[in-house]
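Tertiary structure, described
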Amino acid sequence: MNCSLTLRRLFCCNSQVSRATPVSFSSSSSSNKKRLVFLGSPQVSTTVLDALFNASSAPNSEFEVAAIITQPPARSGRGKKLMPSPVAQYALDKGFPSDLILTPERAGEDSFLSSLRALQPELCVTAAYGNILPTKFLNVPPRGTVNIHPSLLPHYRGAAPVQRALQDGAKETGVSLAFTVRALDAGPIISCERLEVDDQIKAPDLLALLFSEGSKLLVHELPAIFDGSAKLKAQPQDDSKATLAPKITPEESWLSFDQEALVLHNKVRAFAGWPGTRAKVLLIDSKGNQSELELKIITTRVLLLGVPQDNEVDEITFYRGALVFPCGRSTALEVLEVQLAGKKVVTAAAFWNGLRGQKLKVYSSGEHCIASIA
């Protein structure tokens, strides 16, 4: 398998899609270019679509983006307006013909498959499309369907490879370019790129970086995919080494401080964005009255020196700009940013100052740890 051994250090940064020179499109192409159909839905997929637009507009390009397949419009925002997917909106903003943006409820619909066949695609490319592709679909493009998957397959097959890798504390991950088969993320691997994972990076940033790397990998391999040599060199996956990355559920978002700090830190990084991580905190005023707050834990790091020695074993303190939570096996987690329901994200210092002398109790496996507020 052609898997680059170059390691890149991934730091917390935002990857932005290029807004380069507009690309010209036509609803009916009479060119001899090979026809590629792109499938993707969320914002992160626009990175791949942007790379394909730019590559297809190059003077020596042998392909064109013939159509885009994405999830149907969904209601979002306060007004619950019907909004196109981020990929559809991005394509429209770039001037892509609206009649070539297809939004089937299911990729196996007969009417949709008829439209796909009429396009006569040479190749389909998927990047976080979010819909199961049946055999009837996979049989349409003669060069097959190629998927950008943000893991080093066969590790982390499934819906949440980046989140599960971070949750496991993986030191290395990557992105794989593989042919799509009916079995979940099990097709032959064309190429992959290994990347070293920074211990502070969060899932949205890592996902964006992996799809950015994946788009470069795709553009590099497209000539071999179109001439058929990629299928000959693609390596089958070793199913005995496969691991799964099941979909994240909101019920998983609660933090239990009887776990070690590193476990909790990795969970905060993995679940950043959606669904986030939560903890319940009891506020106790000077008269002993209690009120419950639900905190969303935004940013953390592991306190390498352990719990400050001058404090009681269960005390939560404010130390060097962070709320310090005692955790399992005598470890401690520094919470740097939090968010109350309906409020903006605030620093630990701002939250601490807002307590105004109240005490805190944090739920932990049915037991409470008390925080004295100086």
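Preceding this section is the structure that the text describes.
Read on for a plain summary of the structure.

Analysis parameters
Residues numbered from 1 in each chain as written. Predicted model: local features only at pLDDT ≥ 70, side-chain atom pairs only at ≥ 80, totals over all residues. Heavy atoms only, no water. Axes fitted to C-alpha atoms, helices over the stretch in contact; angles between N-to-C directions. Helix = DSSP H or I, 4+ residues; strand = E, 2+ residues; numbered from the N terminus. Left-handed = near helix turned anticlockwise from the far one by under 90°. Contact = heavy atoms within 4.5 Å. Nonpolar A, V, L, I, M, F, W, Y, C, P; charged D, E, K, R; others polar. Salt bridge = Lys/Arg side-chain N within 4 Å of Asp/Glu carboxyl O. Buried < 20%, exposed > 50% of the residue type's maximum accessible area, 1.4 Å probe, protein only.

1. Quick word on the packing of helix α1 (residues 46-56) against helix α6 (residues 203-227)
Two elements in contact, α1 and α6, have axes separated by 8 Å at closest approach and are oriented at 30°. Crossing geometry of α1 relative to α6 is assigned as right-handed. Residues T47, V48, A51, L52 and A55 of α1 form the contact with α6, whose own contacting residues are F211, S212, S215, L218, V219 and L222. Among the residues forming the contact of α1 with α6, the class breakdown is eight nonpolar, three polar and no charged.

2. Focus on the pattern of salt bridges
Overall, the coordinates contain 13 salt bridges when judged by the stated rule. With a closest N to O distance of 3.6 Å, E213 and K216 form a salt bridge. With a gap of three residues between them, E213 and K216 both fall in helix α6, about one helical turn apart. The residue K280 makes a salt bridge to E292 at a minimum N-O spacing of 3.9 Å. In this pair, K280 is assigned in strand β12 (residues 277-284) and E292 in strand β13 (residues 290-302), connecting sequence segments 12 residues apart. On the accessibility criterion, E292 (46% relative accessible area) is partly exposed.

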